[in-house]
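So you can see what is in the structure, the chains are spelled out below.
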Amino acid sequence: MKKTGLTLVAVGLTGLSLGASAQDEAGFITLASTTSTENSGLFDAIIPLFTDKSGIKVRVVAVGTGQAFEIARRGDADSLLVHDTAGEKHFVQEGYGTERADVMVNDFVLIGPGEDPAGLSEAETVEQAFGRIADAEAPFASRGDDSGTNRAELRLWEAAGVEPGGDWYRELGSGMGPTLNTAAGMDAYVMADRATWVAFDNPQNLELLFEGDDALFNQYGSVLIDPERHPHLKHDLAEQWHEWLLSEEGQQAIADFEVKGQQLFFPNAAE
Amino acid sequence: MPDDANAFQTALALIMGGDPDLLGIVMLSLQVSLTAVLIAALIALPLGAALALWQFPGRGVAIVMLNAMMGLPPVVAGLAVYLLLSRAGPLGEFGLLFTPGAMVIAQVILVLPIIAALTRQQVEELHSEYREQLSSMGVSRSRRIPTLLWDARLGLTTVMLAGFGRASAEVGAVMIVGGNIDGVSRVMTTAIVLETSKGNLPLALGLGIVLLVLVALINAAAHLVGETAQRRLG
């Protein structure tokens, strides 16, 4: 009886959901991805092209990379597009994913107050830049949320031989956008992905101070989820999305996407 | 503060412009929160009244628990519903996660304690006035519930509005269980969070003003209905 009641409620609520999106039923997939791809507007530019061609809609849940992995592990997303190559490979090794492929790159940049108290613009490598921030004990806003950007930032501190900590190092536990808002408010240095930075509308006193080191390379990968572990997922549709991203057409769509006249993502799928 | 003036202009442009995307977001916000309040009220009104009328061991504890649940953080409710509806969770088979249905469930959990706890208080006060009369007429306790709820209806309208306020204002729960998917599960509050994270503060504040106007309209409608009903019934 209890089960029947629950089913009734669930069916009723499903009806409500359908009412909101009945026309979507031709087919959709849920894509777990990162805030950088969503906030920059990339998905608004490329998903309609894929939908026109395949008839498949893509519902994007944009979260930090750590949370995106967790959503995919639990079987709540059909596909995964994130930027933490080591984490993606681990995800496949653990048996949650069957395949990962390079899709595109952008890069991280170091942002800070225009006065540049730590002298980042004089640094030649990213290790020097991070070292200068630590030496000056200039305020640094860290994502602190186990996102792809946060993981990359922690690797760079390690490479610079700095154990970040102390009053100047502030872990915010927020997404990229909120972290930039906070950094603008407290004149702190911050590492951001270029896409979010260029699309960001509230820079106040913040400026781009360091860019171009190879270590700031930010690789995005698409991961297919293992059908055996989560048989209910829409693997056929997800595979079409995955293949399209890697196809000439998908790669071209990524290259064509610009914000404020600037290309933000550079396709680099293997031939 | 140029941004503040901007926000009002943006809000006005949003309202006047009739942008279909915004309209969809507004409609979904209303649909989700009103459905949640309706479902919560269907359970919470009789529950609150029953709690007011019946004496049983542990009643004090039940009331304190119910009152405490009014302070349940939305993000915790969202997380609990997420774990419940996730494919790996007990109700995963229904595929409700990241749909408006999941958002309704989360908001019901947030709204139900508010309506139940405040109903309990209102009905208890009313009952202490009516008790002797109802007893002398030999009305059983379960028959008293509809009578008391009906007589307390004006106060209970405010109670329901408090519930609606909680539902339409919260963002922590709907963000987790809805996923803020464009065109599917994006509501006013999650859209505000998204625009804030893009640094588009005037638009975010503009959306906030639109939401406030919307909530004010709902409250005005409820007020009008109450006034008219009172006048007609003398």
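An unreviewed UniProt entry lists chain B under the name Tungstate transport system permease protein, with Halomonas daqiaonensis as the source organism.

As recorded in an unreviewed UniProt entry, chain A goes by Tungstate transport system substrate-binding protein and comes from Halomonas daqiaonensis.

Take the overall build of chain B next. Counting secondary structure elements, chain B contains 10 helices and 0 strands. Moving toward the C terminus, one meets the helices and strands of chain B in the order α-α-α-α-α-α-α-α-α-α. Taken along its principal axes, the extent of the C-alpha atoms in chain B is 65 × 50 × 30 Å. Burial analysis of chain B (234 residues in total) assigns 44% to the buried set. For chain B, the proportion of contacts with a sequence separation of at least 24, taken over those separated by at least 6, is 80%.

With that settled, consider the nonpolar core. Grouped together as the largest cluster of nonpolar side chains are 137 residues, with contacts concentrated most on Ala106(B), Ile115(B) and Val177(B). Top contributing element to this core by residue count: helix 5 (residues 100-136) of chain B, with 16 residues. Shared between two domains, this core takes at least three residues from each, and those domains are domain 1 (25-106 + 218-267) and domain 2 (108-216) of chain A. Residues contacting Ala106(B), with those up to four places away along its chain left out, are Ala77(B), Gly78(B), Val81(B), Ala173(B), Val174(B) and Val177(B).

Here the focus is the UniProt feature "domain: ABC transmembrane type-1" (unreviewed entry) in chain B. In the numbering used here, UniProt assigns the feature "domain: ABC transmembrane type-1" (unreviewed entry) to residues 26-222 of chain B. For the annotated span residues 26-222 of chain B, helix accounts for 79% and strand for 0% of the residues, and the straight-line distance between the end C-alpha atoms is 19 Å.

For the rest of this paragraph, the subject is the domain arrangement of chain A. All names here are of chain A. Along its sequence, chain A is organised into domain 1 (25-106 + 218-267) and domain 2 (108-216). A separation of 26 Å is found between the C-alpha centroids of domain 1 and domain 2. Each partner contributes to the interface: domain 1 provides 20 residues, whereas domain 2 provides 16 residues. Those elements that place two or more of their residues in the side of domain 1 that touches domain 2 are helix 2 (35-39) and helix 4 (65-73). Tallying contributions element by element places helix 2 first for the side of domain 1 that touches domain 2, with 3 residues. Partitioning the side of domain 1 that touches domain 2 into residue classes produces 5 nonpolar, 13 polar and 2 charged.

Rules of the game
Residues numbered from 1 in each chain as written. Chains lettered and ligands numbered in written order. Predicted model: local features only at pLDDT ≥ 70, side-chain atom pairs only at ≥ 80, totals over all residues. Helix = DSSP H or I, 4+ residues; strand = E, 2+ residues; numbered from the N terminus. Buried ≥ 20, exposed ≤ 12 C-beta atoms within 10 Å, placed from the backbone. Contact = placed C-beta atoms within 7 Å. Core = buried A, V, L, I, M, F, W, Y, C linked by C-beta atoms within 7 Å. Domains from an automatic or database assignment. UniProt positions renumbered as here; feature names shortened; annotations may be inferred. Nonpolar A, V, L, I, M, F, W, Y, C, P; charged D, E, K, R; others polar.

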